[in-house]
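One-letter residues, chain by chain:
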Amino acid sequence: MTWLEHSFMGRKAVARGVRGATHTLTEAQQGEYRYVYGPYAKPVLHIRPGDVVEVETHDAFEGKIRSESDSPTALLRMPFLNPQNGPIVVEGAVKGDVLAVSILSILPRGKQPVGTTALIPEFGGLVATATTAMLNKPLPERVKKMEVTTSGVRFSDRITLPYEPFIGTLGVSPEIEAVSSLQPDYWGGNMDLPDIAPGAVAYFPVHHVGALLYLGDCHARQGDGELCGVAVEMPAHVTIQVDLIKGWSIPGVRLENERFIMAVGSARPMEDAARMAYRDLIRWMVEDYGFEESEAYFLCTQAGAMRVGNMVDPKYTLGASMLKAYLV
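First, a word on what this report is: a plain description of the structure on this page. Here the structure is a predicted model, which is why all the values come from computation and not from measurement. (Residues numbered from 1 in each chain as written. Predicted model: local features only at pLDDT ≥ 70, side-chain atom pairs only at ≥ 80, totals over all residues. Heavy atoms only, no water.)

**Some thoughts on helix H5 (residues 270-289)**
Just so we agree on the cut-off: Strands are runs of DSSP state E lasting at least two residues, helices are runs of H or I lasting at least four, and both sets are numbered from the N terminus onward. Expected helix span is given by 1.5 Å per residue-to-residue step, counting one fewer step than there are residues. Here's how the labels work: a residue is buried when its accessible area is under 20% of the maximum for its type, exposed when over 50%, partly exposed in between, all with a 1.4 Å probe on protein chains only. We call two residues in contact whenever any of their non-hydrogen atoms come within 4.5 Å of each other.
Compared with an ideal rise of 1.5 Å per residue, which puts 20 residues at 28 Å, H5 spans 27 Å between its outermost C-alpha atoms and is within 8% of the ideal. What H5 keeps buried is the set Ala273, Ala274, Ala277, Asp280, Leu281, Ile282, Trp284 and Met285. Contacts made by the buried residues of H5 are with helix H2 (8-12), strand S18 (254-256), strand S19 (260-267), helix H6 (293-303), strand S20 (305-310) and strand S21 (316-323). Following H5 by one or two positions, Gly290 has its phi on the positive side, about 80 degrees.

**A word on the sheet that holds strand S8 (residues 142-149)**
Quick reminder of the rule: Pairing between two strands requires that DSSP report at least two bridges joining them.
Taken in spatial order, the 4 strands make up an open sheet running S7-S8-S9-S10, and their pairing is antiparallel. Every interior strand has two partners, whereas the edge strands, strand S7 (115-119) and strand S10 (160-161), have only one. Relative to strand S9 (residues 152-154), S8 runs antiparallel, the two being bridged by 3 bridges. Counted as the bridge partner of Glu147 is Arg154 from S9.

**Let's talk about the environment of Val253**
Structurally, Val253 is set in the loop between strand S17 (236-245) and S18. Val253 gets classed as buried once you look at its relative accessible area, which sits at 1%. Sequence separation between Val253 and Glu177 is 76 residues, and the spatial gap between their C-alpha atoms is 17 Å. For Val253, the contacting residues outside a window of four places in its chain are Asp185, Tyr186, Trp187, Gly188, Met191, Tyr203, Phe204, Pro205, Ala263, Val264 and Asp280.

**Observations concerning the packing of aromatic side chains**
Note the threshold: Pairs were defined over the aromatic rings of Phe, Tyr and Trp, the Trp ring being its six-membered one, requiring ring centres within 6.5 Å. Orientation was assigned from the angle between planes: stacked under 30 degrees, edge-to-face over 60, tilted for the rest. Each ring is checked for a lysine NZ or an arginine CZ that lies within 6 Å of its centre and within 35 degrees of its normal; such an atom marks a charge sitting over the ring.
A full pass over the atoms with the stated rule returns 9 aromatic pairs. Geometrically, the ring pair formed by Phe8 and Tyr289 is edge-to-face, given 6.2 Å between the ring centres and 65 degrees between the ring planes. A residue pair is termed long-range when its members are at least 10 positions apart, and Phe8 in helix H2 and Tyr289 in helix H5 qualify at 281 residues. For Phe8, a relative accessible area of 1% puts it in the buried group. For the ring pair Tyr203 and Trp248, a centre distance of 5.4 Å and an interplane angle of 75 degrees mean the geometry is edge-to-face. On the criterion of sequence distance, the pair formed by Tyr203 in strand S15 (residues 201-205) and Trp248 in the loop between S17 and S18 is long-range, its members being 45 residues apart. Take Tyr203 and Trp248: they sit in the same class, and that class is buried. Aromatic ring contacts, followed pair by pair, group Phe8, Tyr203, Trp248, Trp284 and Tyr289 into a single cluster. Over the ring of Trp248 we find Lys12, and its NZ or CZ is 5.8 Å from the ring centre.

Rendered as structure tokens:
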């Protein structure tokens, strides 16, 4: 048996991870990309648990930055950043269920160089921002373009970085709120968490009938924290499989891959995001792996790992994980 057959999706979901129909969601089929997570946009696709969706995503700038001479402040207009595909309705999903999203593949698309990073005034982890207000002048804006293939990310003539793609923004609709796609929280959203990558299954608590799945903002790679605020942004061909777990109540985003389970917290200050993530990880270990709470607390203290997804967005995202080798 593969690890996916032993995963929560493989054991508990409606389709048990068995693939159903395959759908496409191209740029033309999507039409208007979305900048808000919420229940008010018209769905672009209806699918059933187990179905596969092949999606054409834009980069975080919707392709507006095309060369290193471009000016982000001249071309970009807040809050119209981070365009999303969706919403996608999943048949049978209701509040109290969990949507399982298995990431099958992420491939770069478009004319090279497709990778973009940038310094944007008053945005980033080491500069003054609107909420971290300082008298310091903004850094000069700058764009860096990179060729991206599955063989690597050509950072410079001297350095080629591994291609380690992931979905930066992925999640479901809140129950009644309409929230910027730049914001992460319990519904997912702009987590910028590199573990939401091919080979992982992400779990989202459903808050609205049909779940209303959104995705976009793929990255060719990113260091922990997304320090300057912009990863290697790229348009992508994304293939996911979507399944549904009935009656599994979780407070926020969880994920698993072959090696570990992870609970995700998004908040400011950063230590609160860490606390949220570790608390949910401990409760997951108690509920589904048979640990006593204090024993799980001890184990997380000695063997837990903490991933900083982003330290630049409206809320910071951290993921607390535990190796499956310690959970058997």
